[in-house]
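Here are the chains, one letter per residue:
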Amino acid sequence: MKSFPPYRIQVVKDIPITTRAEREQALARAGYNAFNLPADAVTIDLLTDSGTGAVSAAQEAAAAAADRSYAGSESYYRFRAALDELTGFEHVFPVHQGRAAERVLFSATLSAGRISLSNTHFDTTRANVELLGCEARDLPCPEAADLDSDEPFKGDVDLDALERTLAGPEGDRVGQVLITITNNGGGGQPVSMANLRAVRALCDRYGVPFFLDAARFAENAWLVTRREPGYGGHSPAEVAREAFGLADGCVASLKKDAIAPMGAFIGVRDAELARRCEVNIIATEGFRTYGGLAAHDLDRVAQGLREVLDPNYLRARAGEAEQLAGLVNEAGVDIVRPAGVHALYLNAGRLLPHIPPHEFPGHSLACELYLAGGIRCVELGSLYLGEFDEGHNLVAPAPFELVRMALPRRTYTRAHYEYVADVLADIAKHPERVARYRVADAPPILRHFKMTMEQLPARG
Ligand SMILES: *Cc1c(COP(=O)(O)O)cnc(C)c1O
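Residues numbered from 1 in each chain as written. Predicted model: local features only at pLDDT ≥ 70, side-chain atom pairs only at ≥ 80, totals over all residues. Heavy atoms only, no water.

## Structural notes on the overall build of the protein chain
The line we're drawing: In this description a helix means any DSSP run of H or I spanning at least four residues, a strand means any run of E spanning at least two, and both kinds are numbered starting from the N terminus. The cut-offs for exposure are 20% and 50% of the maximum accessible area for each residue type, with area from a 1.4 Å probe on protein chains only; residues under the lower value are buried, those over the upper are exposed, and the others partly exposed. Any two residues whose heavy atoms approach within 4.5 Å at even a single point are treated as in contact. We score Asp and Glu as negative and Lys and Arg as positive, and we do not count His or the chain ends. A charged residue contributes its charge at one atom only: NZ of Lys, CZ of Arg, CG of Asp or CD of Glu.
A count of helical and extended segments in the protein chain gives 17 helices and 16 strands. Taken along its principal axes, the extent of the C-alpha atoms in the protein chain is 60 × 55 × 45 Å. Within the protein chain, the fraction of its 460 residues that count as buried is 56%. Excluding contacts between residues fewer than 6 apart, the proportion of contacts in the protein chain whose partners are at least 24 apart in sequence is 71%. Here the protein chain contributes 48 positively and 61 negatively charged side chains, and the mean placements of these two sets differ by 3 Å.

## Quick notes on the site of the ligand
Inclusion rule: Proximity is defined per residue: any heavy atom of the residue falling within 4 Å of a molecule or strand makes that residue near it. Counted as a polar contact is a pair of N or O atoms within 3.5 Å, where, for protein atoms, one must be capable of donating a hydrogen and the other of accepting one, and residues adjacent in sequence contribute only when both atoms are in side chains. Residue burial considers only the protein chains on display, and all accessible areas are found by Shrake-Rupley using a 1.4 Å probe. Classes in brief: Ala, Val, Leu, Ile, Met, Phe, Trp, Tyr, Cys and Pro nonpolar; Asp, Glu, Lys and Arg charged; the others, Gly included, polar.
Surrounding the ligand, one finds 15 residues, the nearest of these being Gly98, Arg99, Asp213, Ser253 and Lys256. Here glutamine 97 contributes a side-chain N or O atom positioned 2.9 Å from an oxygen atom of the ligand. Arginine 216 places a side-chain nitrogen or oxygen 2.9 Å from an oxygen atom of the ligand. In the complex, the protein chains occlude 98% of the 380 Å² of accessible area that the ligand would expose alone. When residues of the shell around the ligand are traced back to their parent elements, those giving at least two are helix H4 (98-109) and helix H5 (123-131). It is H4 that contributes the most residues to the shell around the ligand, three residues altogether. Residue classes in the shell around the ligand are distributed as two nonpolar, seven polar and six charged.

## Here's the deal with the sheet that holds strand S9 (residues 343-347)
Note: strands within a sheet are paired through backbone hydrogen bonds, in either parallel or antiparallel orientation. Rule in force here: Note: two strands are recorded as paired if DSSP finds a minimum of 2 bridges between them. A fitted line through C-alpha atoms represents every axis, and for helices the fit uses only the stretch in contact; the resulting angles, taken between N-to-C directions, go from 0 to 180 degrees.
Strand order in the open sheet made by the three strands is S9-S14-S11, with antiparallel pairing throughout. Single-partner strands in this sheet number two, and they are S9 and strand S11 (378-380). The average angle at which neighbouring strand axes cross in this sheet is 35°, direction not considered. Note: S11 against strand S14 (residues 402-406), three bridges, orientation antiparallel.

## Focus on the nonpolar core
Definition in use: Grouping buried Ala, Val, Leu, Ile, Met, Phe, Trp, Tyr and Cys residues that are joined through side-chain atoms within 4.5 Å yields what is termed a nonpolar core. Domain extents, as shown, originate in an automatic or database domain assignment.
Judged by nonpolar contacts, the single largest core of 61 residues is most densely connected at Leu162, Ile179, Leu196, Phe210, Leu212, Phe217 and Leu305. Two domains each provide a minimum of three residues to this core, namely domain 1 (20-49 + 310-456) and domain 2 (57-307). Ignoring sequence-local partners within four residues, the contact set of isoleucine 179 consists of Asn119, Val157, Val191, Leu196, Val199, Phe210, Phe211, Leu212 and Asp213. Judged by nonpolar contacts, the second largest core, of 31 residues, contains Ile44, Ile335, Leu352 and Ile427.

## Here we look at the side chain of aspartate 257
With respect to the helices and strands, aspartate 257 occurs in the loop between strand S7 (249-253) and strand S8 (264-268). In this structure the side chain of aspartate 257 is engaged in a polar contact, spanning 3.2 Å, whose partner is the side chain of arginine 409. The residues touching aspartate 257, leaving out its near neighbours within four places in the chain, are Ala215, Arg216, Phe217, Ala218, Glu219, Gly304, Leu305, Val308 and Arg409.

## Topic: the pattern of salt bridges
Here is the rule we go by: Any carboxyl oxygen of Asp or Glu within 4 Å of a side-chain nitrogen of Lys or Arg constitutes a salt bridge here.
Summed over the entire model, instances satisfying the criterion amount to 34 salt bridges. Residues arginine 409 and aspartate 49 are paired through a salt bridge, measuring 3.0 Å at the closest nitrogen-oxygen approach. Of this pair, arginine 409 sits in the loop between S14 and helix H16 (414-429) while aspartate 49 is found in the loop between strand S1 (44-45) and helix H2 (57-64), placing the two residues 360 residues apart along the sequence. With a relative accessible area of 1%, arginine 409 lands in the buried category.

## Comments concerning a nonpolar patch on the surface
Selection criterion: Two distance rules govern patches: like charges are joined within 9 Å, and nonpolar side chains (Val, Leu, Ile, Met, Phe, Trp, Tyr) within 5 Å, applied only to residues with over 30% relative accessible area and no salt bridge.
Where nonpolar side chains cluster on the molecular surface, the patch consists of Phe35, Ile445, Leu446 and Phe449 and spans about 360 Å² of accessible area. By the secondary structure assignment, leucine 446 is in the loop between strand S15 (436-441) and helix H17 (447-450). Leucine 446 gets classed as partly exposed once you look at its relative accessible area, which sits at 43%.

## Thoughts on helix H10 (residues 271-284)
To keep it simple, the criterion reads: An expected span of 1.5 Å times one less than the residue number is assigned to each helix.
Under the 1.5 Å per step criterion, the end-to-end length of H10 is 20 Å for 14 residues, consistent within 8% with the ideal 20 Å. At its buried positions, H10 is contacted by strand S2 (91-95), H4, strand S6 (210-213) and S8. The N-cap of H10, judged by a side-chain oxygen 3.3 Å from the amide nitrogen of glutamate 272 a few residues on, is aspartate 270. Glycine 286 sits one or two positions beyond H10 and adopts a positive phi of about 155°.

## Quick word on the domain arrangement of the protein chain
Going by this rule: Summed over both partners, the accessible area lost on bringing two parts together, with a 1.4 Å probe, is the buried area.
Domain assignment breaks the protein chain into domain 1 (20-49 + 310-456) and domain 2 (57-307). With centres defined by C-alpha atoms, the gap from domain 1 to domain 2 works out at 27 Å. Domain 1 puts 26 residues into the contact, and the matching count from domain 2 is 27 residues. Regarding the contact of domain 1 and domain 2, the summed buried area is about 2,400 Å², with carbon and sulfur atoms giving 52% of it. Linking domain 1 with domain 2 are seven salt bridges. The shortest N-O distance in the salt bridge between arginine 216 and aspartate 49 comes to 2.9 Å. Going through the elements one at a time, helix H12 (311-330), S9 and S14 are the ones with two or more residues in the side of domain 1 that touches domain 2. Tallying contributions element by element places H12 first for the side of domain 1 that touches domain 2, with six residues. Each residue belonging to the side of domain 1 that touches domain 2 can be placed in one class, and the counts come to 13 nonpolar, four polar and nine charged.

## Considerations on the sheet that holds strand S5 (residues 174-180)
On the basis of which strands lie adjacent, the open sheet formed by seven strands has the order S2-S8-S7-S6-S5-S3-S4 and mixed pairing. The open sheet has two free edges, formed respectively by S2 and strand S4 (135-138), since each of these has just one partner strand. Across the sheet, the mean angle separating the axes of adjacent strands is 20° when strand polarity is ignored. In this sheet, S5 lies alongside strand S3 (residues 115-118) in parallel orientation, the contact comprising four bridges. Opposite serine 116, over in S5, you have glutamine 176 as the bridge partner. Set on the sheet, helix H7 (residues 193-206) makes contact with S5 and S6; between it and S6 the angle comes to about 145°.

Shown next, in the form of structure tokens:
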């Protein structure tokens, strides 16, 4: 039986339909950087699944009833209740978004010279570690390096490498272990409960705190119920609670699995750590019962956290991603396997072998998806992860040239995804016609948000 979403569409927003000539102009004006495109020039926006999901009638009703009291608002207590039920962390603080949670927690757990170990640090997470003068070290499991294998838990951390580091000469410098569920920087792949339990045991043995970056806790839990032996009979809520129960605390953007436009939280068990976070939050985000969020955000989050754990919702969402993955494969384009839930990662390097890394095959494919069909997505390849010299020349390419198609929650229908696959199929028929790019200008850090590019003619 085909899965279907457990909701019907009650409020809609028009999407812009444009011509190729209009898109060519818009992309040139944007310096061939999709982050510079005005949204009214984009037909299908797969740039991110962050804050872009459709809110429910129940979320809007909760938002309308929000209480804007400065301290101790009713909205805060509803937010607390939802997170208490889900996480069991003794201390929970709202903050305005995930990167604020990172900044606040890491300033309390890390000091200059320390090392943060992870399956993969997300980009803002890495930036917040490095801004403190610390090193963010990624230890993905070896299975993650094979994009084509169907291993179920390619988001796992490499336990041998983790233990070697904790036991080795640098062990004293490790300030935290941070596991990202699902592993956004690592192809959106899930982390197994067995891996989380092993991390817990290692952190206990070596006396290091263990945190989760839990932006997609529900999607990770869903994949655990599907793929991990012994979890087939568990509900996603039970798996999520067990995962939080293994950690000393977490940071989590609520713009993903709380299906809310804005929000995040920090959860910790330790009272002294909580006190240090609280002081920082009051000084930089807001009082501890709103943390930079409007009351209606707290209420949308509290309701969204319950909706996201509905197995019918998660089954339909994962089904959408699998269906799009199938269409993309039929179109002749490979993805990072197996398909995750929040995004598909297209193997642009394999589709465009005639475009070398320094002419950015991932960026070429992302631009062509926009030019051909008004579809916006983002490169995850040498442009994003490679190393450059001061003249903007690529000196060390990324291991893979990928394009991420993020799937906003409850936003697009199967017909939209069929259109995306059609556009991709047309491109895949004539890969030699795809233009190449060079960097015109780029800032020294967080390059992909601000750089401008120049188009070079296709090689075909
Ligand atoms: C989005 C995200 C963040 C940052 O959250 P924001 O709310 O965008 O600041 C951190 N970690 C992961 C894994 C994310 O996906």
